[in-house]
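Structural features, examined
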Amino acid sequence: MAADSAAPPTGLSRTDFLAAIRRNRRNTALLCILLTLIGVVVGAGIGWAYGILIDETGTGEGAGDYALYAGGFMLLFSLVWTAVALFLGDKLVLGLTGARAVAKEDAPVLWNVVEEMALAAGLPMPQVAIMETDALNAFATGLKPEKATVAVTRGLLDALSRDELQGVVAHEMSHIANDDVLYMTAVGVLVGLIVLVSDLALRSTRFVGWGGGGHGRRSSGDRKGGGGLVVIAILVLLLIGLLSPVAARLVQMAVSRQREYLADATSVKLTRNPLGLIGALRKLDQATARFDNASKAVQHLFIVNPFRKFGEHASALMATHPSIEQRIERLRALG
Amino acid sequence: MGTTGWIVIGVVVVLVLWGILLYNGLVAGRNQVEAAWRQIDVQLKRRRDLIPNLVETVKGYMGYEQETLQAVIKARNAAVAAEGGPREGQIQAEAALGATLGRLFALAESYPDLKANQNAMQLQEELTSTENKIAFSRQHYNDSVMAQNTRVESFPAVLVAGPLGFGKHPYFEAGDQDREVPQVKLR
């Protein structure tokens, strides 16, 4: 083991998890600030377009104020919603998945495996929970390592060998060590808000397109240049409505997939045994039992997406997880 | 004169700030190493506590392996004696205990009766897990030691680390036999 740390067989040179967590916190903060800024820009754009559309004079003079108000509103809303999600997130996730906390006596092997992985990562022992379903899955939640939970399904517990279970638990422990729960919750909220607002913008163009268009025709005689501004405003709304949610989701899913790869790699760094996780992923891939209790809201937390049937579609840009074949391939490269 | 004075003050402030950051980094690293060591300690103590129970349970089945059982008990007592002594001595005693336990587990494989004993199986899961926990906390300890030793030896920290009392920490090396501990199959 000592020889392992001198020359990690995983090819991963970074073994100081606590330093990695600090680095991750910084990157998380940066991305969240960026997403908030995008949200503010989207809000300001919508506000400006509305200012143009409801403006009677046709000069677009008041539009700047509307842009300011809408942008400010988005900023405030982002902050409040993120705070609420972070505050309530844990309980919500555990409730949504039906995970029940267990004591050591209820599942000694699982408990031991979780404790082993907590020691390997140098993190405090998380809470251990079980979901009573035949489906094979697992997730981790908790904004801080001190208040984390690792949950696995009963089916997973029954189907996997000790080594495979260790690989899965290490993957979940990596999500905790990498601060992924905090990260994906905050990103999910900010992206959700952008999607919601741009959806509103898109719907309103239909409404404004008819009403505003009629209005424009009627008064086209007294307004010079106003018609052009209205067209631009509607175009801005359309662009925001169509592009920003797609772009935001693409970023979110790409980040989510990278986080899965990272958690797989970190898992091997903890166990120093890629075969365990590879075997587990194979079994998860072949499992047929459906996970009816899962909710779309928590799909990104699981080790494999509970809704997606993997295969040819799995490498799609909108997937929360990379395909299992791709994950196994990368794990092979580590071993 | 005024400009030179300000430059001197600026350099001194930067140097002091750099010194504070360096010192705090070294302290954080040393504390991480100490915390990691305490984690190993907890697991080693647990292993020492489990052993009398294990020996008691398997004695009836493994009557012909008196020599190995004696070796385990002897190694365990040596490890208990080394407790609280110098860290290098503890590491040696624990590595020796791990090696004799490995021999015992290997021999236990050829006693089918033992595998039918619920109590023995539970003890074996506990000991297997404790062995794993020792290995994993040792891994974390060694990772922390490597990070801290790199910090202490790097320039320019190497100039001040020694005088400030930050030394290199010893790695927890596994003994040769310990590395060949056969994995106990539970499923």
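In case you missed it, the structure is sitting above this.
1. Section: the overall build of chain B
- Regarding its fold elements, chain B presents 7 helices and 0 strands.
- When the helices and strands of chain B are placed in sequence order, the string is α-α-α-α-α-α-α.
- Expressed as a percentage of the 187 residues in chain B, the buried residues total 44%.
- Of the contacts made within chain B by residues no fewer than 6 positions apart, 78% connect residues no fewer than 24 positions apart.
- Accessible surface, chain B as shown: approximately 10,100 Å² in total, 60% of it carbon and sulfur.

2. A closer look at the side chain of Ser137(B)
- One can find Ser137(B) in helix H5 (residues 118-153).
- A polar contact of 2.5 Å, which involves the side chain of Ser137(B), links it to the backbone oxygen of Lys133(B).
- Within polar-contact distance, the side chain of Ser137(B) engages the backbone oxygen of Ile134(B) at 3.4 Å.
- In this view, Ser137(B) contacts Leu119(A), Gln39(B), Ile40(B) and Gln43(B); residues no more than four positions away in its chain are not counted.

3. Quick word on the sheet that holds strand E3 (residues 138-141) of chain A
Residues and elements named next belong to chain A.
- A sheet is described by the order of its strands in space; here 4 strands give the open sequence E1-E2-E4-E3, paired in mixed fashion. Bordering the open sheet on either side are strand E1 (100-101) and E3, each of which pairs with just one other strand.
- In the sheet, strand E2 (residues 127-131) pairs with strand E4 (residues 149-153) via 5 bridges, with the strands oriented parallel. Bridge pairing in E4 links valine 128 to valine 150.
- Running over the sheet, helix H3 (residues 63-97) touches E2, E3 and E4 and is turned about 160° from E3.

4. Digging into helix H2 (residues 66-82) of chain B
Residues and elements named next belong to chain B.
- The first and last C-alpha atoms of H2 sit 24 Å apart over 17 residues, in line with the 24 Å expected at 1.5 Å per residue.
- When we look at burial in H2, the residues that qualify are Thr68, Leu69, Val72, Ala75, Arg76, Ala79 and Ala82. Along the axis of H2, the buried residues cluster in a sector spanning 150°; they form a single face. Residues Glu67, Lys74 and Ala81 are exposed on H2 and point more than 90 degrees away from its buried face.
- Looking at the buried side of H2, the elements it contacts are helix H1 (2-59) and helix H3 (87-108).

5. Quick word on the nonpolar core
- Counting 42 residues, the largest nonpolar core has Leu110(A), Leu156(A), Met173(A) and Leu281(A) as the members making the most contacts within it.
- Per-element tally for this core: the top contributor is helix H4 (residues 108-121) of chain A, with 8 residues.
- Leu69(B), Leu97(B), Phe105(B) and Leu123(B) belong to the second largest nonpolar core, which has 22 residues in total.

6. Section: helix H6 (residues 162-177) of chain A
All names here are of chain A.
- The end-to-end C-alpha distance of H6, which contains 16 residues, comes to 22 Å, matching closely the 22 Å that a straight helix rising 1.5 Å per residue would cover.
- Burial runs high along H6: 15 of the 16 residues are buried.
- Looking one or two places after H6, you find aspartate 179, whose phi comes out positive at around 65°.

7. Some words on the environment of Ser129(B)
- Turning to its location among the elements, Ser129(B) is positioned in helix H5.
- Put simply, Ser129(B) and Gln43(B) are 86 residues apart on the chain and 9.8 Å apart in space, counted from C-alpha to C-alpha.
- Dropping the residues within four chain positions of it, Ser129(B) is found in contact with Asn112(A), Glu116(A) and Arg162(A).

About the cut-offs
- Residues numbered from 1 in each chain as written.
- Chains lettered and ligands numbered in written order.
- Predicted model: local features only at pLDDT ≥ 70, side-chain atom pairs only at ≥ 80, totals over all residues.
- Heavy atoms only, no water.
- Helix = DSSP H or I, 4+ residues; strand = E, 2+ residues; numbered from the N terminus.
- Buried < 20%, exposed > 50% of the residue type's maximum accessible area, 1.4 Å probe, protein only.
- Contact = heavy atoms within 4.5 Å.
- Areas by Shrake-Rupley, 256 points an atom, 1.4 Å probe, with all protein chains shown as cover.
- Polar contact = N/O pair within 3.5 Å; in protein donor to acceptor, adjacent residues only side chain to side chain.
- Pairing = 2+ DSSP bridges.
- Axes fitted to C-alpha atoms, helices over the stretch in contact; angles between N-to-C directions.
- Expected span 1.5 Å × (residues − 1).
- Arc of directions from axis to C-beta.
- Core = buried A, V, L, I, M, F, W, Y, C linked by side-chain atoms within 4.5 Å.

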